[in-house]
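Chain and residue survey
Spelled out, the chains give:
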Amino acid sequence: MIIVIIGAQWGDEGKGKVVDLLADRFDIVSRYQGGHNAGHSVYVGDKAFVLRLLPSGIIHEGKICVLGNGMVIDPKAFFEEVDQMAAQGIEITPERLKVSSRAHLIMPYHRALDHTSEERLGNEKIGTTLRGIGPAYEDKAGRRGIRVSDALVPELLKSRIERNLAEANRVIVLYGREPLRSDEIYEEISALAERLRPFVCETSHFLSEAKKVNKKILLEGAQATLLDVDHGTYPYVTSSNPTAGGAAVGAGIPPHHITGVLGIVRTYATRVGEGPFPTEMLEDEEPVAQLIRERGNEFGSVTKRPRRCGWFDAVATRYAAELNGFNSMALTKIDVLDTLDEIKVCVGYEINGERIDTFPAVSLDLRQIKPVYETLPGWKSETLGITELADLPANARKYVDFLSESVDVEIGLISTGPERDQTIILRDSVMEGWFK
Ligand code: GDP
Ligand code: IMO
Ligand code: MG
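Attention here is on the structure that accompanies the text. (Residues numbered from 1 in each chain as written. Chains lettered and ligands numbered in written order. Predicted model: local features only at pLDDT ≥ 70, side-chain atom pairs only at ≥ 80, totals over all residues. Heavy atoms only, no water.)

Focus: the pattern of salt bridges
Rules: Here a salt bridge means any side-chain nitrogen of Lys or Arg lying within 4 Å of a carboxyl oxygen belonging to Asp or Glu. Numbering of helices and strands runs from the N terminus; a helix is a DSSP stretch of H or I covering at least four residues, while a strand is a stretch of E covering at least two. Relative accessibility under 20% of the residue-type maximum defines a buried residue, over 50% an exposed one, and the middle range a partly exposed one, all with a 1.4 Å probe and only protein chains included.
Under the criterion given, the structure shown has 26 salt bridges. Where Arg170 meets Glu167, a salt bridge forms, and the shortest distance between an N and an O atom there is 3.4 Å. Residue Arg170 and its partner Glu167 are both found in helix 6 (residues 154-174); the two are separated by 3 residues, about one turn of the helix. As a salt-bridge pair, Arg197 and Glu194 come within 2.8 Å of each other at their nearest N and O atoms. You can call Glu194 partly exposed: its relative accessible area is 42%. The network of salt bridges with shared partners includes Asp12, Arg266, Glu298, Arg307 and Lys333.

What follows is the structure in structure tokens.
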């Protein structure tokens, strides 16, 4: 069985919590795209973990984790995270963690180029995490990238760094920054590559063999559907394909081996960085946004930036469901809305007075959208930690049913708090079947 977990909105839906919860029933957890731009928070008892590059399954001893070929890996950030986990009592050995030989490396000049690119864009900047993600994927598509396997061959690594840095430095200097030195980069990366060597694996073959002996595999998406480079709110997106199709490419598995796709949706929406956000709470709704930001702790787990907050957007989520083929959805953070009198849900879009049925391709159009809202009554009582559907207040159940109907996908899990056991699993849902 292979299940993909995908963010349905603009990220930070609670993928980490759900993956951690489900990892128990799986043998292998693999990431397939992105890098340490992700921040997946997991709480276990009094311990808090923030996973960036490592799959959230790593917290479970005995589970094998994979960094797939579709990822971009900063080797320094990789070992910082491995060391951080060790400090938190999670030992990571090559037996438990496999890194694709075909994944691309994020180099120090990619980080510098992420800065210059954002500076160049000025008012039109993307608001990236400045981790070098975009420039590393640019080199991959431009066929200049340095893969994990290349870094293990010293002469190759050296010549690629020299060639690529000569180009990168031209831009870096143009923007008034100090040029980087190839000998320093080579020394740093070759030492890290040697440390990485025992983890390197033909991960696609590894996953294929695991499937043959009926191992259960969870594919953990990072970022989200509306940040997908093809399907998201381009150009305000990340540079990879978090959507379900990307999982097959980025983990190196045949698409028909995927058994099911689970969408992670929040009861409201957030966005970090720039870009259109039709249901954003602005001006007179800013107090609601502030309340949600505080109750939901909506600050970036990597960059600590306050997340922009907005109402649930059923049009955008329906688009996500269509693109990914969600078989089921996990709805997170219902407890954050406990104190609201009324809750709005966007059920349609209008541009210049005309109703539109599809999610616009052009960011400018998205900015002009007037959301059509339905207002539902709040439940004004505490849902934190509820584990049975029957214990949810009636209006909370109505809200859940309304979201499910407006996206036209079942909700198989409701998360009522950040902890593992603060969860309702819906009986007889498709999702329950996967996790028995
Ligand atoms: P991810 O990037 O999708 O893994 O999400 P993040 O970890 O960046 O952000 C989600 C945040 O919400 C984390 O701090 C989670 O611990 C927290 N969280 C997840 N589910 C719930 C929930 O049901 N209720 C509350 N209050 N917090 C939650
Ligand atoms: P998780 O996995 C939310 C956003 C950035 C920026 C855009 C491009 O925790 O949900 P990048 O550095 O990727 O080139 O930035 O994408 N972004 C995220 N927003 N959650 C994430 O990951 C994100 N990863 C990138 O804020 O707008
Ligand atoms: Mg996150």
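Quick look at the site of ligand 1
Going by this rule: Here a residue is considered near a molecule or strand provided that any single heavy atom belonging to it is located within 4 Å of it. Here a polar contact means two N or O atoms within 3.5 Å. Within protein one must be a hydrogen donor candidate and the other an acceptor candidate, and residues neighboring in sequence count only if both atoms are side-chain atoms. The Shrake-Rupley method, run with a 1.4 Å probe, gives the accessible areas here. Residue values count only the displayed protein chains as cover. Only Asp, Glu, Lys and Arg are considered charged in this grouping, and only Ala, Val, Leu, Ile, Met, Phe, Trp, Tyr, Cys and Pro are considered nonpolar; every other residue, Gly among them, is considered polar.
Every one of the 19 residues lining ligand 1 counts as a neighbour, but Lys15, Gly39, Ser41, Asp335 and Ser415 are closest to it. For ligand 1, an oxygen atom lies 2.8 Å from a polar atom in the backbone of Gly39. One of the side-chain N or O atoms of Asp335 is found 2.7 Å from a nitrogen atom in ligand 1. Its free accessible area being 590 Å², ligand 1 has 95% of it covered by the protein chains. For the shell around ligand 1, the elements supplying multiple residues, two or more each, are helix 1 (15-23) and strand 3 (40-44). Here the shell around ligand 1 is built from residues that sort into 3 nonpolar, 9 polar and 7 charged.

Remarks on unusual backbone geometry
Backbone torsion omega between Tyr234 and Pro235 reads 5 degrees, so that peptide bond is classified as cis. With respect to the helices and strands, Pro235 occurs in the loop between strand 10 (217-220) and helix 9 (244-251). Unusually for a residue other than glycine, Asp12 sits at a positive phi of about 60 degrees. Within the fold, Asp12 resides in the loop between strand 1 (2-7) and helix 1. Exposure remark for Asp12: the relative accessible area of 22% places this residue in the partly exposed category.

A few points about the packing of aromatic side chains
Selection rule: The pairing test for Phe, Tyr and Trp rings, Trp by its six-membered ring, is centres within 6.5 Å, and the orientation test on the planes gives stacked under 30 degrees, edge-to-face over 60, and tilted for anything in between. Consider the ring centre and the ring normal. A charge sits over the ring if Lys NZ or Arg CZ is within 6 Å of that centre and within 35 degrees of that normal.
Enumeration over the complete set of coordinates arrives at 9 aromatic pairs. Aromatic side chains Phe78 and Phe79 sit 4.9 Å apart centroid to centroid with 90 degrees between the ring planes, which places their arrangement in the edge-to-face category. Comparing Phe78 with Phe79 shows no difference in burial state: the two are buried. With centroids separated by 5.9 Å and ring planes inclined at 90 degrees, the aromatic side chains of Trp434 and Phe435 adopt a geometry described as edge-to-face. With relative accessibility at 8%, the residue Trp434 sits in the buried group. Overall, Phe435 belongs to the buried group, its relative accessible area being 2%. Taken together, the aromatic side chains of Phe26, Trp434 and Phe435 make up a single cluster linked through ring pairs. The ring of Tyr373 has Lys344 sitting right over it, with the charged end atom 4.3 Å from the ring centre.

Observations regarding helix 1
Most of helix 1 is tucked away, with 9 of its 9 residues classed as buried. Within helix 1, the full set of buried residues consists of Lys15, Gly16, Lys17, Val18, Val19, Asp20, Leu21, Leu22 and Ala23.

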